[in-house]
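# Architecture at a glance
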Amino acid sequence: MKTLFQKIADREIPSKIVFEDDLCFAIEDINPQAPTHILVIPKRVITRLGGATDDDAALLGHLLVCAGKIARERGIAETGFRAVINSGKDAGETVPHLHVHILGGRPLAWPPG
């Protein structure tokens, strides 16, 4: 069964895709937690960070490079942004398909949640 993100990538579910390349795509979060809240999602499913292997290293690095590029394009790189990957239920994971949250556009508190 496809994940929600696979259905979005396959254009089965409409979404505002704000970035896309051969390896990943990015969408605006439907429940934003900051003025800028974008998800960077690999096209190849990695269920969660806790299950990633050495074979996933290049793709994981690519996701972070894309997150930085998107942050610069959105004008939040200079003031600061947060890149978050939830891994597992206790971390708030709701879709079993790894993705990077880009959060910015306002001061972010620490510790989170």
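How each quantity is defined
- Residues numbered from 1 in each chain as written.
- Predicted model: local features only at pLDDT ≥ 70, side-chain atom pairs only at ≥ 80, totals over all residues.
- Heavy atoms only, no water.
- Salt bridge = Lys/Arg side-chain N within 4 Å of Asp/Glu carboxyl O.
- Helix = DSSP H or I, 4+ residues; strand = E, 2+ residues; numbered from the N terminus.
- Buried < 20%, exposed > 50% of the residue type's maximum accessible area, 1.4 Å probe, protein only.
- Core = buried A, V, L, I, M, F, W, Y, C linked by side-chain atoms within 4.5 Å.
- Contact = heavy atoms within 4.5 Å.
- Polar contact = N/O pair within 3.5 Å; in protein donor to acceptor, adjacent residues only side chain to side chain.

### What about the pattern of salt bridges?
Scanning all chains against the criterion turns up eight salt bridges. Close ionic contact of Glu28 with Lys16 constitutes a salt bridge, the shortest N to O distance being 3.6 Å. Taken together, the residues span a long stretch of sequence, with Glu28 in strand β2 (residues 24-28) and Lys16 in the loop between α1 (4-9) and β1 (17-20) at a distance of 12 residues. Relative accessible area serves as the criterion here: at 54%, Lys16 is assigned to the exposed category. Connected through shared salt-bridge partners, Lys2, Asp10 and Glu12 make up one network.

### Examining the nonpolar core
Grouped together as the largest cluster of nonpolar side chains are 17 residues, with contacts concentrated most on Phe19, Cys24, Ala26, Val40, Leu63, Ile70 and Ile102. Secondary structure elements with two or more residues in this core: β2, β3 (36-42), α2 (57-73) and β5 (100-104). For this core, the leading source of residues is α2, giving seven residues. Apart from residues lying up to four places away in sequence, Phe19 is in contact with Cys24, Phe25, Ala26, Cys66, Lys69 and Ile70. Judged by nonpolar contacts, the second largest core, of seven residues, contains Ile8, Phe25, Ile27 and Leu39.

### Regarding the side chain of Asp29
By the element assignment, Asp29 lies in the loop between β2 and β3. At 2.6 Å, the side chain of Asp29 forms a polar contact with the backbone nitrogen of Asn31. Not counting chain neighbours up to four residues away, the residues in contact with Asp29 comprise His37, Ile38, Leu39 and His101.

Nothing here speaks to function; it is all geometry.
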